[in-house]
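Listed below, chain by chain, are the residues.
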Amino acid sequence: MPSNRIGRINEEIQRELSDQLRRLKDPRVSATGMVSITRVDTTGDLRYARIYVSTLDKARETEVLKGLKSAAGFLRRELGRALQLRYTPELQFIADDSIAHGAHILEVLRKVEREDESRGSEETEEGSC
């Protein structure tokens, strides 16, 4: 199976599961606030899918993952109905900290930029004396 086809299927799975999460009634997931599916990786035979999930409230992340694991059968069934694949993949939910990591890198870069600006203004003041 060509990898671009799997890529499209991964995007469809991500889109459909994101939609299903909004309708999920499990309070561990729905009461948390923002829960996002950041990435989907499936095996070549589409039997298994790793669903990378990011939450706004990191303190409740383990509860969200437990809720998603509990709802995995329901979500898989709904996914199968919506996408009509030969095999509906078994879903494995994994915490994704890439957004938090990216935010940390951005903050470090901003700090370095501020330090560079302050050094530049100090050098300008020293040169004008």
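The preceding data block contains the structure.
**Student:** Help me understand the pattern of salt bridges in this model?
**Tutor:** Any two side chains of opposite charge can pair if their charged atoms end up close together. Taken as a whole and assessed by the stated rule, the structure comprises 9 salt bridges. One salt bridge in this structure joins arginine 39 and aspartate 41, with 3.3 Å as the shortest N-O distance. Residue class for arginine 39 comes out partly exposed when judged on its relative accessible area of 38%. Note on aspartate 41: relative accessible area 30%, which makes it partly exposed. The salt bridge involving arginine 119 is made with aspartate 116; its shortest N-O contact spans 3.0 Å. Placement of both arginine 119 and aspartate 116 in helix H5 (residues 98–127) is noted, with a separation of 3 residues, approximately one turn of the helix. Accessibility expressed as a relative area gives 44% for arginine 119, which makes it partly exposed. One network of salt bridges, in which partners are shared, links Asp19, Arg22 and Arg23.

**Student:** How do you make sense of the environment of glycine 73 when you look at a structure like this?
**Tutor:** Along the chain, glycine 73 turns up in helix H4 (residues 72–83). The sequence separation of glycine 73 and aspartate 96 amounts to 23 residues, and the corresponding C-alpha distance is 21 Å.

**Student:** I would appreciate a short explanation of the pairing of strand E1 (residues 35–42) in the present structure.
**Tutor:** Every other side chain in a regular strand lies on the same face of the sheet, so the side chains alternate between the two faces. Across 7 bridges, E1 lies against strand E2 (residues 48–55) in antiparallel orientation. From the neighbouring strand, aspartate 41 faces E2, where its bridge partner is arginine 50. Counted along the chain from E1 to the antiparallel partner E2, the turn is 5 residues long, and its residue leucine 46 has a positive phi close to 60°.

**Student:** Mind showing me how you'd approach the side chain of glutamate 61 here?
**Tutor:** Here glutamate 61 shows up in helix H3 (residues 61–70). Using a relative accessible area of 18% as the deciding quantity, one classes glutamate 61 as buried. Each residue touching glutamate 61, except ones within four places of it in the same chain, is listed here: Val53, Thr55, Ala95 and Asp96.

**Student:** Help me understand the packing of aromatic side chains in this model?
**Tutor:** The geometry of two aromatic rings is summed up by the distance between their centres and the angle between their planes. Considering all chains together, one arrives at 0 aromatic pairs under this definition. A cation over an aromatic ring shows up here: arginine 39 above the ring of tyrosine 52, its NZ or CZ 4.0 Å from the ring centre. One Lys or Arg, arginine 47, reaches over the ring of tyrosine 87 and ends 3.5 Å from the middle of that ring.

**Student:** Just checking my understanding: could you explain the pairing of E2 for this structure?
**Tutor:** Within E2, 6 of the 8 residues are buried, leaving the element largely enclosed by the surrounding structure. Here 6 bridges tie E2 to strand E3 (residues 90–95), and the two strands are oriented parallel to one another. The residue bridging tyrosine 48 from the neighbouring strand is glutamate 90, located in E3.

The rules we used
- Residue indices follow the written sequence of each chain, beginning from 1 at its first position.
- For this predicted model, a pLDDT threshold of at least 70 governs which residues receive local features, and a threshold of 80 or more governs which side-chain atom pairs are given and counted, while totals over whole chains, interfaces and linings are taken from all residues.
- Side-chain numbers here rest on the full set of heavy atoms in the structure, without hydrogens or water.
- Should a side-chain nitrogen of Lys or Arg be within 4 Å of a carboxyl oxygen of Asp or Glu, the pair is scored as a salt bridge.
- A simple rule labels every residue: compare its accessible area, found with a 1.4 Å probe on the protein chains alone, to the largest value its type can have, and call it buried under 20%, exposed over 50%, or partly exposed in between.
- What counts as a helix is a DSSP run of H or I of at least four residues, what counts as a strand is a run of E of at least two, and both are numbered from the N terminus.
- Whether two strands pair comes down to DSSP finding at least two bridges between them.
- Throughout, a contact is declared for two residues whenever any of their heavy atoms are within 4.5 Å.
- Pairing of aromatic side chains here covers Phe, Tyr and the six-membered ring of Trp, requires ring centres within 6.5 Å, and sorts the geometry by plane angle: under 30 degrees stacked, over 60 edge-to-face, intermediate tilted.
- Charge-over-ring placement is defined geometrically: NZ (Lys) or CZ (Arg) within 6 Å of the ring centre, and within 35 degrees of the ring normal.

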